[in-house]
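The primary structure of each chain is shown beneath.
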Amino acid sequence: MSGALWALTEREIKKWYRRRIAIVFTFITPLMWLALFGKSFNLLNLFRAPDDLPPDIVRTVQEVIDSIIIRAFGTTDYFTYVATGMFTVFILFTSMFSGMSLIFDRRLGFLNRLLVSPVKRETIYLSRVLATVIRSILQFTGLFIIAVALGINLGPGVGPIHILLTYLNLALVAYIFSSIFISMMLRVTEHDTAISVANLLNLPLMFASNSIFPEEQMPSWLKTVALLNPISHSNEVVRTLLVMGSLEIPMTSLAYLLVLALVSTVMGLYLSRRYLR
Amino acid sequence: MDKAIIVRNLRKVYEGGVVAVDDVSFEVERGEIFGFLGPNGAGKTTTINILTTLIPPTSGEAYVGGYKVGDQDDKIRKAIGLVPQELTADDELTGWENIYLQGSLYGLSRSEIRREGEELLEMVGLEEAADRLVRTYSGGMRRRLELVMGLIHKPDILFLDEPTLGLDVQTRAQLWNHIRRVRSEYDMTIFMTTHYMDEADKLCDRIAIIDHGRIKAIGTPEELKRMVEGDLVIIRTVNGSPLEVSLDGIPGLKDYTIDGSEIRVRVEEGEKATPAIIESLVSKGYRIRSVELVRPSLEQVFLTLTGRSIREEEALDTISYRVMMRRRRG
Ligand SMILES: Nc1ncnc2c1ncn2[C@@H]1O[C@H](COP(=O)(O)OP(=O)(O)OP(=O)(O)O)[C@@H](O)[C@H]1O
Ligand SMILES: [Mg+2]
């Protein structure tokens with residue numbers, strides 16, 4: 001019954017764009033990270049060759065420093081590094097609250113309307129996931145424009161294909177996160193629960209990834225977490241596309257994300273049939 | 001199976017031990033309006049929730065449209081419509097958006113929904129408001145929209161849970177007309193709950209009176225009213241149980257019962273008997289707190305069956321006539 005799937009998705013999207021004020025607020029946190037953190041903590045500027053040396057030595061030293069920095073960050077511009085990392089984090093922040101509408105629908109009795117109808121329980125679940133993917137992608141466009149306005153340095157040769165693939169990758173990430181967070185909210189009746197879960201997980205998930213700092217410097221336990229964190233893998237893909245301007249997407253990262261998407265789908269469909277009552 | 005609904009020994013015990021439905025059995029014929037009449041907490045919504053596949057029963061069995069609840073829920077869901085007790089249309093959407101969404105849950109095409117929707121909206125007089133956000137509707141408009149949404153897929157069996165709750169007398173009468181029209185036009189079976197006596201009396205072909213999860217009586221309104229004959233005079237005293245009263249010679253006396261400080265006297269004509277009853281009470285030194293006269297009505301049936309009135313404030317808009325008198329002796 002795909003008519004029902006689309007109708008339910010459309011409802012979510014409509015309700016979202018009718019709350020324009022709320023949309024503005026979703027940009028505040030990522031904007032702070034970009035404008036305040038990304039710009040003011042431009043720590044890569046700290047590593048400058050001393051000026052009191054002969055000019056050709058200054059140049060050589062600076063080249064060495066830059067090559068070290070590029071090896072770690074992939075760019076000499078820290079803002080670009082943080083911005084490309086915040087793209088995925090922004091998707092996470094949006095997807096974390098995707099279970100909220102379900103909780104409200106349960107509270108207000110709207111869910112019962114769906115449950116007495118012949119619509120499949122999986123459809124109810126999938127419509128929320130789909131709506132979150134669409135929502136996060138549209139919101140991401142706003143963030144991307146802000147990042148460009150703030151002076152993100154896209155790599156040479158970044159064209160429409162790179163941007164398109166970035167979108168697809170972020171849609172995949174939105175899919176993974178929303179299907180996980182919606183699955184967690186299938187039985188929940190208190191919206192406080194969703195907020196607590198989101199607040200508990202948002203910063204740890206962001207810091208335990210290579211969003212604002214490369215994982216090479218991390219202690220080994222944190223590095224392990226960062227390597228399992230889908231945000232890190234998405235960042236690898238995004239930075240390959242937008243910073244390096246390359247289409248050679250790291251296959252392990254992509255495969256990891258695809259496997260997560262598959263696992264979360266199977267889990268979500270199973271749980272929605274079981275717990276959506 | 002030609003019955004619309006069959007319920008056998010249905011029981012629902014909620015977590016925490018509340019017995020909401022206790023050994024309930026009844027049958028609903030195809031094409032009839034069957035009413036569940038009972039006070040708050042009687043178990044009406046619980047019964048509807050079981051029959052509409054929302055919650056599983058603790059024990060017993062139920063068939064809706066010939067399908068077994070719990071085993072063939074998908075088939076039941078296709079055959080039924082529910083207008084729930086709470087207003088659950090999405091108030092951030094417009095009337096039409098709600099209707100489209102509802103129709104698409106039942107696999108209807110956009111053009112089918114538009115055609116049906118227009119007809120139903122016109123019937124309930126909501127065409128003008130249908131493009132407005134539901135948030136801007138009055139309670140009565142929302143109830144009517146709920147009805148349209150419950151009918152959009154023309155279910156065989158429609159469940160109405162307190163469809164006129166909180167509406168004024170006029171709007172309720174209008175809604176009854178809509179319900180009657182729907183039944184005759186679409187040839188539907190309607191299962192409804194209410195705690196309004198007059199609603200059950202005027203609208204339902206048959207009524208089950210339910211209290212504390214148990215069915216006290218089932219029948220047509222006339223059959224039920226025949227269970228009680230004559231008027232009921234209820235008098236409460238200020239100073240104790242009127243056990244010493246003698247009611248010999250009261251005109252048209254049938255019988256009486258005393259319950260605490262309350263005496264209930266069944267007589268042929270209430271107006272004629274009341275003064276004599278009061279006199280005989282006063283002559284034995286009882287001081288009177290209140291006098292109440294109840295006509296043969298579902299209210300009285302309910303009172304007789306359960307020993308209490310359905311709800312004080314609801315009794316006021318029933319067909320029974322009620323006199324409250326306070327007397328103080330200096
Ligand atoms: N989810 C629940 N958990 C526990 N007890 C419940 C639950 N739902 C209802 N009850 C209890 O079951 C009893 C019957 O409730 P129900 O809602 O079926 O009554 P009702 O006849 O519809 O009343 P009303 O006229 O107020 O709508 C009540 O005592 C109520 O407190
Ligand atoms: Mg109820």
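Heads up: the structure comes first, above all this text.
Each value, and the rule that gives it
Residues numbered from 1 in each chain as written. Chains lettered and ligands numbered in written order. Predicted model: local features only at pLDDT ≥ 70, side-chain atom pairs only at ≥ 80, totals over all residues. Heavy atoms only, no water. Axes fitted to C-alpha atoms, helices over the stretch in contact; angles between N-to-C directions. Helix = DSSP H or I, 4+ residues; strand = E, 2+ residues; numbered from the N terminus. Parallel < 35°, antiparallel > 145°, perpendicular 65-115°, else oblique. Left-handed = near helix turned anticlockwise from the far one by under 90°. Contact = heavy atoms within 4.5 Å. Salt bridge = Lys/Arg side-chain N within 4 Å of Asp/Glu carboxyl O. Buried < 20%, exposed > 50% of the residue type's maximum accessible area, 1.4 Å probe, protein only. Pairing = 2+ DSSP bridges. Buried area = accessible area lost by both parts, 1.4 Å probe. Polar contact = N/O pair within 3.5 Å; in protein donor to acceptor, adjacent residues only side chain to side chain. Nonpolar A, V, L, I, M, F, W, Y, C, P; charged D, E, K, R; others polar.

Residue and element names in this part refer to chain A. Between helix H8 (residues 121-149) and helix H13 (residues 251-275), the shortest axis-to-axis distance is 8 Å and the interhelical angle comes to 130 degrees. Taken together, H8 and H13 sit at an angle that is classed as oblique. Where H8 crosses over H13, the handedness of that crossing is right-handed. Listed contacts from H13 to Arg-121, Glu-122, Tyr-125 and Leu-126 of H8 are Ser-264, Gly-268, Leu-269, Ser-272 and Arg-273.

Enumeration over the complete set of coordinates arrives at 35 salt bridges over all chains. Across the pair B:Arg206 and B:Glu32 runs a salt bridge, and its minimum N-O distance is 2.9 Å. Note that B:Arg206 is positioned in strand E9 (residues 206-211) and B:Glu32 in the loop between strand E2 (19-29) and strand E3 (33-37), a separation of 174 residues in sequence. Judged by relative accessible area, B:Glu32 falls into the buried class, the value being 8%. With a closest N to O distance of 2.8 Å, B:Glu262 and B:Arg236 form a salt bridge. One end of the pair, B:Glu262, is in strand E13 (residues 262-267); the other, B:Arg236, is in strand E11 (residues 231-237), with 26 residues separating them in the sequence. Judged by relative accessible area, which is 13%, B:Glu262 ranks as buried. Taking relative accessible area as the criterion, B:Arg236 reaches 24% and is therefore assigned partly exposed. Several salt bridges converge on common partners, so that one network encompasses A:Arg11, A:Glu12, A:Lys15, A:Arg19, A:Asp105, A:Arg128, B:Asp90 and B:Glu92.

Turning our eyes to something else, we now look at the sheet that holds strand E8 (residues 189-194) of chain B. Residue and element names in this part refer to chain B. Pairing in this open sheet of 6 strands is mixed, and the strands run E6-E7-E8-E3-E9-E10 from one edge to the other. Strand pairing shows two members of the sheet lacking a second neighbour, strand E6 (80-83) and strand E10 (214-219), which therefore form its edges. Within this sheet the neighbouring strands show an average axis-to-axis angle of 15 degrees, counted without direction. Where E3 meets E8, 5 bridges bridge the pair, whose relative direction is parallel. Paired with Gly-35 across the strands is Met-192, a residue of E8. Along the sheet, helix H5 (residues 139-151) contacts E6 and strand E7 (157-161); its crossing angle with E6, the most-contacted strand, is approximately 170 degrees. Sheet strands touched by helix H10 (residues 298-306): E3, E9 and E10. Its angle to E9, the strand with the most contacts, is close to 40 degrees.

All names here are of chain A. Inspection of the secondary structure assignment puts Thr-240 in helix H12 (residues 230-242). We classify Thr-240 as buried; its relative accessible area is 6%. With residues up to four places along the chain from it excluded, the contact list for Thr-240 reads Gly-245, Ser-246, Glu-248, Ile-249 and Pro-250.

Attention now goes to the interface of chain B and chain A. Tallying the contact residues gives 25 residues for chain B and 22 residues for chain A. Overall, the association of chain B and chain A removes approximately 2000 Å² of surface from exposure, summing both partners, and the carbon and sulfur fraction of that is 57%. In terms of surface lost to chain A, no three residues of chain B exceed B:Leu54, B:Glu92 and B:Leu105, which account for 29% of the buried area on that side. For the interface between chain B and chain A, the tally reads 7 salt bridges. In this structure, A:Arg113 and B:Glu146 form a salt bridge, with 2.5 Å as the shortest nitrogen-oxygen distance. Taken together, the connections running from chain B to chain A amount to 9 residue pairs in polar contact (both at pLDDT 80 or more). When residues of the side of chain B that touches chain A are assigned to their parent elements, the largest contribution, 6 residues, is made by helix H3 (residues 95-105) of chain B. Along the lines of polarity and charge, the residues of the side of chain B that touches chain A split into 11 nonpolar, 8 polar and 6 charged.

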